[in-house]
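Here's the letter readout for the chains.
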Amino acid sequence: MAINEKILDEILNKYPAKVKRSRKKHILIKDDALDQQEIEANTRTIPGIMTNRGCAYAGCKGVVLGPLKDMVHIVHGPIGCGYYAWMTRRNKAISEDPEKNFLSYCVSTDMQESDIVFGGEKKLARMIDEVVEIFKPNAITISATCPVGLIGDDIQSVAREAEKKHGLNITAYNCEGYKGVSQSAGHHIANNGLMENVVGLGDWEEPPGKYTINILGEYNIGGDGWEVERVLKQIGYHIQAVMTGNGSYEDLKNAHVVQLNLVQCHRSINYIASMLETRYGTPWLKVNFIGIHSTMESLRNMALYFGDGDLIRRTEAVIAKELAEIEPLMEPYRKICAGKTTFCFVGGSRGHHYQGLYEELGIETVLAGYEFAHRDDYEGRQVLPDIKSDADSKNIPDLHVAPDERRFRLKVSPEKMEELKEKIPLSHYGGMNINMKDGSIIVDDLNHYETEEFIKILKPDIFSSGIKDKYIPQKMGIPAKQLHNYDYSGPYAGFRGAVNFARDVAMSFATPTWNYIVPPWKGTPLLEGSIELCASGGCFK
Ligand code: CFM
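A brief report on the enclosed structure follows. (Residues numbered from 1 in each chain as written. Predicted model: local features only at pLDDT ≥ 70, side-chain atom pairs only at ≥ 80, totals over all residues. Heavy atoms only, no water.)

### A look at unusual backbone geometry
Inference 1: Between Met-243 and Thr-244 the backbone carries a cis peptide bond, its omega angle lying at 0°.
Inference 2: Inspection of the secondary structure assignment puts Thr-244 in strand 7 (residues 238-244).
Inference 3: Cis geometry is found at the peptide bond from Gly-490 to Pro-491, where omega equals -10°.
Inference 4: Along the chain, the position of Pro-491 falls in the loop between strand 14 (480-482) and helix 21 (494-510).
Inference 5: Here the phi dihedral of Asp-110 falls at roughly 50°; this positive angle occurs in a residue that is not glycine.
Inference 6: Relative to the assigned elements, Asp-110 resides in the loop between strand 3 (107-108) and helix 5 (113-118).
Inference 7: Residue Asp-110 is classed as partly exposed on the basis of its relative accessible area of 31%.
Inference 8: For Asp-445, which is not a glycine, the phi torsion comes out positive at approximately 55°.
Inference 9: For Asp-445, the location among the structural elements is in the loop between strand 12 (441-444) and helix 19 (448-458). (Helix = DSSP H or I, 4+ residues; strand = E, 2+ residues; numbered from the N terminus. Buried < 20%, exposed > 50% of the residue type's maximum accessible area, 1.4 Å probe, protein only.)

Right, dumping it as structure tokens:
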């Protein structure tokens, strides 16, 4: 059954009137007849609603800073916050120097009651000394969790003092969990910090290769970044820095030299992409390495940007070789998946990125959304000037970035830039909505109640989820494909990743497990009552 305005209203009628008004603005029924459909996003979750969102600390330390492998990331706060950022995201890393990969450690100041009462600055300073002595990292970050902001520890000055004492890059991030409405605020804080404190510190003036690029917003979940790099290197690209999957402080320092920045996850890294363009004159290209067609399109767009005949030929040769390898492997899985439907609800990018891959398996996305994305991730960056800032978004200031006097170089002339923009998404992201089918549902910050209601009506065959929401569909007898850390699987990116994804999704459909689950409502009658004879005994006539 499709969802129309009336059915949507019935779902939302369970809410108090004020909540209904608010939630209604976060849900769209895609209507191809309309040019643009506005959605509300990046606003506070209503108290009492079971959201799947995370916090600013999760976005800063957990998402953007955490994958940088040669730095020690200190979590200043009680131990729980540190523990839950300890490799649960599966941002894999390998280091040529095994002594310079610290991702398997959880380094926290483990604040206790006495630290909350008397302050934790001294403990933090002692911890930095210890970290330098034990690990000798290339740099250190300090991420603050909620109580640190509440008691007012000055982590910035602790970092400055420690930097002088140890002669090491030590930077502090005031990313207390409450700093924003979701982890998105933390992305912004981390983007600002990396641009202020790391990018450009290196002394390189020229790119080391003919086609040198950075990959932004790729976090190497389950090895995704490695698959992307495998393909790009075959074509002949030199990858200077990945932000931040399998990334390093050393590579980031010289990230300013590249000729092009790729943006995989727009939501988490668009701030750095824009700042690199302003400061160094380097445009960014929106890519998507999830899905076979999206990967091919991204590779072709990259070749078009450089405009070199040789590179274009090599791109086509690699595409042909990769396709020949994977197509026969995809076929049996396609047979199992064809004709199925899915919900594609993930954090801030994947709700969009995975739709093409599902389509390649014959699976239609009937509902999609993001936990914490902004309007531009739904509607496209052209709406940026219309987005009203509020107290929450103003909490994280935009960094003022100016062209670097020595290093700013226009990589592409303004005329060429305009010409390219007609053909490829250069310094632009068109958002998810444009790719959604007429009549499909777009939901921002989908919650547990709405998840159940939409599943009951749309009955998807599979649900793309995170760790928090995967049990809802599973208890309803519907397989969940965990698209945040992939549970134990991956990579899903690029050509070979598409085969892994197809195998895992087909396996979800083929397993008999789901037949053993009876959703609660299937065993419960819709109406309950009893039959009694009336006094005259004539009621059954
Ligand atoms: Fe970007 Fe990400 Fe995502 Fe994200 Fe995240 Fe993530 Fe995500 Mo989980 S950076 S927005 S903050 S693609 S951890 S690797 S999967 S919610 S859709």
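What follows picks up the thread again.
### What to know about the sheet that holds strand 3
Inference 1: Pairing is parallel in the open sheet, where four strands are placed in the order 3-2-4-5. A single partner strand is all that each edge strand has here, and the edge strands are strand 3 and strand 5 (169-173).
Inference 2: By the bridge criterion, six bridges tie strand 2 (residues 71-76) to strand 4 (residues 139-144) in an arrangement that is parallel. Residue pairing across strands places Ile-74 opposite Ile-142, the latter belonging to strand 4. (Pairing = 2+ DSSP bridges.)

### Focus on the nonpolar core
Inference 1: Counting 105 residues, the largest nonpolar core has Ile-213, Leu-232, Tyr-237, Leu-262 and Tyr-354 as its most contacted members.
Inference 2: Here the element with the most residues in this core is helix 21; it accounts for eight residues.
Inference 3: Those residues in contact with Leu-232 that lie beyond four places of it in its chain are Ile-213, Ile-215, Tyr-237, Ile-239, Leu-262, Phe-289, Leu-299 and Met-302.
Inference 4: Within the second largest apolar cluster, 25 residues are counted, among which are Leu-8, Ile-11, Phe-454 and Leu-458. (Core = buried A, V, L, I, M, F, W, Y, C linked by side-chain atoms within 4.5 Å. Contact = heavy atoms within 4.5 Å.)

### Considering the site of the ligand
Inference 1: Surrounding the ligand, one finds 14 residues, the nearest of these being Arg-89, His-187, Cys-265, Gly-348 and His-484.
Inference 2: For the shell around the ligand, the residue count by class is six nonpolar, six polar and two charged. (Near = heavy atom within 4 Å. Nonpolar A, V, L, I, M, F, W, Y, C, P; charged D, E, K, R; others polar.)

### Here we look at the packing of aromatic side chains
Inference 1: Per the counting criterion, the structure on display carries 15 aromatic pairs.
Inference 2: Aromatic side chains Phe-102 and Phe-135 sit 5.6 Å apart centroid to centroid with 70° between the ring planes, which places their arrangement in the edge-to-face category. Of the two residues, Phe-102 is situated in the loop between helix 4 (79-83) and strand 3 and Phe-135 in helix 6 (residues 121-135); the sequence distance between them amounts to 33 residues. When sorted by exposure, Phe-102 lands in the same class as Phe-135, which is buried.
Inference 3: Note on Tyr-305 and Phe-306: the rings are 5.0 Å apart at their centroids and 85° apart in plane angle, and the pair reads as edge-to-face. (Phe/Tyr/Trp six-rings, centres within 6.5 Å; stacked < 30°, edge-to-face > 60°.)

### Quick notes on the sheet that holds strand 12
Inference 1: With mixed pairing, the six strands of this open sheet are ordered in space as 1-12-11-10-13-14. In this open sheet, the two edge strands, each paired with only one partner strand, are strand 1 (27-29) and strand 14. Sheet twist, expressed as the average angle between the axes of neighbouring strands with direction ignored, equals 15°.
Inference 2: In the sheet, strand 1 pairs with strand 12 via three bridges, with the strands oriented antiparallel. By the bridge assignment, Ile-29 is partnered in strand 12 with Ile-441.
Inference 3: Sheet strands in contact with helix 15 (residues 350-360) are strand 10 (341-346), strand 11 (364-370), strand 13 (462-465) and strand 14, and its direction is about 155° off that of strand 10. (Axes fitted to C-alpha atoms, helices over the stretch in contact; angles between N-to-C directions.)

### Here we look at the packing of helix 3 (residues 56-65) against helix 9 (residues 183-197)
Inference 1: The contact between helix 3 and helix 9 brings their axes to 6 Å, and the two run at 50°. On the basis of the axis angle, helix 3 is oblique to helix 9. Here helix 3 and helix 9 pass one another in a crossing that is right-handed. Between helix 3, through Ala-56, Ala-58, Gly-59, Cys-60, Val-63, Val-64 and Leu-65, and helix 9, the contact on the second element is made entirely by Gln-183, Ala-185, Gly-186, His-187, Ile-189, Ala-190, Asn-191 and Leu-194.
Inference 2: Looking at the contact of helix 3 with helix 9 residue by residue, the class counts come to 10 nonpolar, five polar and no charged. (Parallel < 35°, antiparallel > 145°, perpendicular 65-115°, else oblique. Left-handed = near helix turned anticlockwise from the far one by under 90°.)

### Observations concerning the pattern of salt bridges
Inference 1: By the definition in use, this model includes 33 salt bridges.
Inference 2: Salt-bridge contacts for Glu-229 lead to Lys-233; the nearest nitrogen and oxygen are separated by 3.4 Å. Of this pair, Glu-229 and Lys-233 both sit in helix 10 (residues 224-235), four residues apart, roughly one helical turn.
Inference 3: Using a relative accessible area of 13% as the deciding quantity, one classes Glu-229 as buried.
Inference 4: Looking at Lys-233, the relative accessible area reads 52%, which means it is exposed.
Inference 5: Here the residues in one salt-bridge network are Glu-227, Arg-230, Lys-321 and Glu-322, joined through shared partners. (Salt bridge = Lys/Arg side-chain N within 4 Å of Asp/Glu carboxyl O.)

### Focus on empty space enclosed by the protein
Inference 1: Scanning the entire structure with this criterion turns up two cavities of 30 Å³ or more.
Inference 2: Of the pockets and cavities examined, the largest cavity occupies roughly 190 Å³.
Inference 3: Those elements that place two or more of their residues in the lining of the largest cavity are helix 3 and strand 2.
Inference 4: If one sorts the elements of the lining of the largest cavity by residue count, strand 2 sits on top with four residues.
Inference 5: Broken down by class, the residue content of the lining of the largest cavity amounts to 12 nonpolar, five polar and one charged.
Inference 6: Estimated volume of the second largest cavity: approximately 80 Å³. (1 Å grid on protein atoms, 1.4 Å probe; cavity = no way out; pocket = protein on both sides within 12 Å on 5 of 7 lines; lining within 4 Å. Points joined across faces, edges and corners; volume = space filled by probe spheres on them.)

### Digging into the side chain of Asn-91
Inference 1: Inspection of the secondary structure puts Asn-91 in the loop between helix 4 and strand 3.
Inference 2: Asn-91 sits in the buried class, given a relative accessible area of 5%.
Inference 3: In this view, Asn-91 contacts Gly-62, Pro-67, Leu-103, Tyr-219, Asn-220 and Ile-221; residues no more than four positions away in its chain are not counted.

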